[in-house]
Amino acid sequence: MNIALIAHDKKKNNIIEFAKKYLHILKNHNLYATGTTGTKIEEATNLSITKFNSGPLGGDQQIGAKVSEGQMDLIVFFRDPLTPQPHEPDVNALLRLCDVYNVPIATNLKSATMIFDSITSQINA
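Report on the accompanying structure. What you are looking at is a predicted structure, and each value in this text was computed from that prediction instead of being measured.

**Topic: the sheet that holds strand β2 (residues 30-33)**
The strand order β3-β2-β1-β4-β5 describes an open sheet built from five strands, whose pairing is parallel. Since the sheet does not close on itself, it has two edges, and those belong to β3 (49-51) and β5 (105-106), each with one partner. Sitting on the sheet, helix α1 (residues 12-21) touches β1 (2-7) and β4 (74-78), and the angle it makes with β4 is about 140°. Across the sheet, helix α3 (residues 35-45) is in contact with β1, β2 and β3; its angle to β3 comes to roughly 155°.

**Let's talk about the pairing of β2**
Pairing geometry for β1 and β2, over four bridges, is parallel. Of the residues in β2, the one forming a bridge with Ile3 is Leu31. Strand direction decides the pairing type here: β2 and β3, joined by three bridges, are parallel. Residue pairing across strands places Tyr32 opposite Thr50, the latter belonging to β3. Tracing the backbone out of β2, into α3 and back to the parallel element β3 gives a crossover that is right-handed.

Cut-offs and rules
Residues numbered from 1 in each chain as written. Predicted model: local features only at pLDDT ≥ 70, side-chain atom pairs only at ≥ 80, totals over all residues. Heavy atoms only, no water. Pairing = 2+ DSSP bridges. Helix = DSSP H or I, 4+ residues; strand = E, 2+ residues; numbered from the N terminus. Contact = heavy atoms within 4.5 Å. Axes fitted to C-alpha atoms, helices over the stretch in contact; angles between N-to-C directions. Right-handed = clockwise from strand over helix to strand, strands pointing away.

Take a look at the structure:
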């Protein structure tokens, strides 16, 4: 599976902890991330991640392009809904593309956990 990992600044620690918890799943898939998020996850986990630009510099759009090309299977995007984002139109476009192309996107810890626990149970079945 091709999995993208994205997090707004105030959620970066959350996605790093999430990646550590689900390292056993993530290590078996092709991982992509926006620049800063990908670098921080790599440093914390030693996972190999293809990094795009940071979100405000077009990274969200680059991942959106992969969605529109049918090259992304799942996105984990820990959003910060309480802080205005300078690239909010890009974020909204990515969410819209996931809906258009029926790509699952987890936008918070609980939804991501539910998806990855489901994957874990399928592996263990």
